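# Structural overview
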Amino acid sequence: MNIIKLNATESTNSFLKDLSVNSDISNYTVVVTDKQTSGRGQMNTKWISEDKKNLLCSIYVRFHNLKIHNQVYLNFAIAIAIREALVTFNLPNLTIKWPNDILSGKKKVCGILIENILKGNTIDASIIGIGINVNQEVFPDDIPNASSIKNTTGSEYQIEEVLSEVVKKIEEKVFLLSTEEFKTLEEEYHKVLYKKNIPSMFKDTEDVVFMGKILKVNTSNGQLLIELPDETVKSFHLKEVTFISS
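Residues numbered from 1 in each chain as written. Predicted model: local features only at pLDDT ≥ 70, side-chain atom pairs only at ≥ 80, totals over all residues. Heavy atoms only, no water.

On to the sheet that holds strand β12 (residues 241-243), then. Overall, antiparallel pairing links the 5 strands, which are arranged β11-β10-β9-β8-β12 in an open sheet. Each edge of the open sheet carries a strand with a single partner, namely β11 (233-236) and β12. Between one strand axis and the next, the sheet turns by 50° as a mean value, whatever way the strands run. As judged from the 3 bridges shared by strand β8 (residues 200-204) and β12, these two strands associate in the antiparallel manner. Within β12, the position partnered with Phe202 by the bridge is Phe243. (Pairing = 2+ DSSP bridges. Helix = DSSP H or I, 4+ residues; strand = E, 2+ residues; numbered from the N terminus. Axes fitted to C-alpha atoms, helices over the stretch in contact; angles between N-to-C directions.)

As structure tokens, then:
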């Protein structure tokens, strides 16, 4: 593992992407920073983090013959890996909130942003951006559902220790991708999918509120399948549906 440490950068994903374009970098190169000035989350949302308190990193992972149509399994693998890494730090009730936020109870402790580098009909490599709230204790009022390892467990951890565990688990799950053990990844993901088979309230993009229960993630397109009270099943892309109660 080659680690590049930065005091500050706009975005570790952007830095690593530029590096991969302009130089030949080794598999599992990691860029880690104390501070991000323009951290990004899913669908161009911002990732806000207190300086030197959290793990802010991006990992370059190269693949061999991972077809684009199997990219949902890449998402499964990374989310499962990071959840398993966090288990070692004694966080309770760890689940994956679709597509890949990691929750402890009802609080978000980790966000993931995967950006793929394509070659023909395959994913040649991925830049996996990870933000884990490690030792931060106070969060902005506009993100009331955020928490950290320290807030949840009462213990402070070395950020380097968290990074080491995360990379180790990602290597394990990426190996399952390389051996095409897709069914295993699908089962592991759905076993810890937040609110699966539990009636919940949702809101769609037109602000229509409805009751439903999550059935699964469609492995052909990554959409979330929600069963409605009349037993019909509706599918949703990212950001097309949100929880309004938890």
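Moving on, there is more to tell.
Another point: the nonpolar core. By size, the foremost hydrophobic cluster in this structure holds 62 residues, and its most contacted members are Leu55, Ile59, Ile82, Ile130, Ile132 and Val166. In terms of residue count, the dominant contributor to this core is helix α2 (residues 71-87) (12 residues). Residues within four places of Ile130 in sequence aside, it is in contact with Leu55, Leu56, Cys57, Ile59, Ile82, Cys110, Gly111, Val166 and Ile170. (Core = buried A, V, L, I, M, F, W, Y, C linked by side-chain atoms within 4.5 Å. Buried < 20%, exposed > 50% of the residue type's maximum accessible area, 1.4 Å probe, protein only. Contact = heavy atoms within 4.5 Å.)

Another aspect to go through is the pattern of salt bridges. Applying the stated criterion across every chain, the model contains 11 salt bridges. The residue Lys108 makes a salt bridge to Asp101 at a minimum N-O spacing of 3.2 Å. Given the relative accessible area of 25%, Lys108 is considered partly exposed. Because the salt bridges share partners, they merge into one network encompassing Glu84, Lys173 and Glu188. (Salt bridge = Lys/Arg side-chain N within 4 Å of Asp/Glu carboxyl O.)

This paragraph deals with the pairing of strand β9 (residues 209-217). Both β8 and β9 contribute to a ladder of 4 bridges, which runs antiparallel. Along β9, the bridge assignment pairs Ser200 with Gly212. If you look at the hairpin formed by β8 and β9, you'll find 4 residues sitting between the two strands, and Asp207 has a positive phi there, around 65°. Of the pairings in the sheet, the one linking β9 to strand β10 (residues 224-227) comprises 4 bridges and is antiparallel in character. Bridge assignment links Lys213 to a residue of β10, and that residue is Glu227. The turn linking β9 back onto β10 is made up of 6 residues, and Gly222 within it adopts a positive phi angle of 80°.

Before going further, it helps to spend a moment on the packing of aromatic side chains. In total, this model carries 8 aromatic pairs according to the counting rule given. Their ring planes at 90° and their centres at 5.8 Å tell us that Tyr73 and Phe76 sit as a pair that is edge-to-face. Linking Tyr73 with Phe76, this pair stays in helix α2, spanning 3 residues, or about one helical turn. Residue Phe76 is classed as buried on the basis of its relative accessible area, which comes to 1%. Through a chain of ring-to-ring contacts, three or more aromatic side chains come together here, namely Tyr194, Phe202, Phe210, Phe236 and Phe243. (Phe/Tyr/Trp six-rings, centres within 6.5 Å; stacked < 30°, edge-to-face > 60°.)

Attention now goes to unusual backbone geometry. Residues Trp98 and Pro99 are joined by a peptide bond in cis, for which omega reads 0°. Mapped onto the elements, Pro99 comes out in the loop between β4 (94-97) and β5 (101-104). Here the phi dihedral of Lys195 falls at roughly 65°; this positive angle occurs in a residue that is not glycine. If you trace the backbone, Lys195 turns up in the loop between α5 (182-191) and β8.

This paragraph deals with the environment of Leu6. Tracing the chain through its elements places Leu6 in strand β1 (residues 2-6). A sequence separation of 123 residues divides Leu6 from Gly129, and the C-alpha atoms of the two residues are 15 Å apart. Residues contacting Leu6, with those up to four places away along its chain left out, are Phe15, Val31, Val32, Thr33 and Asp34.

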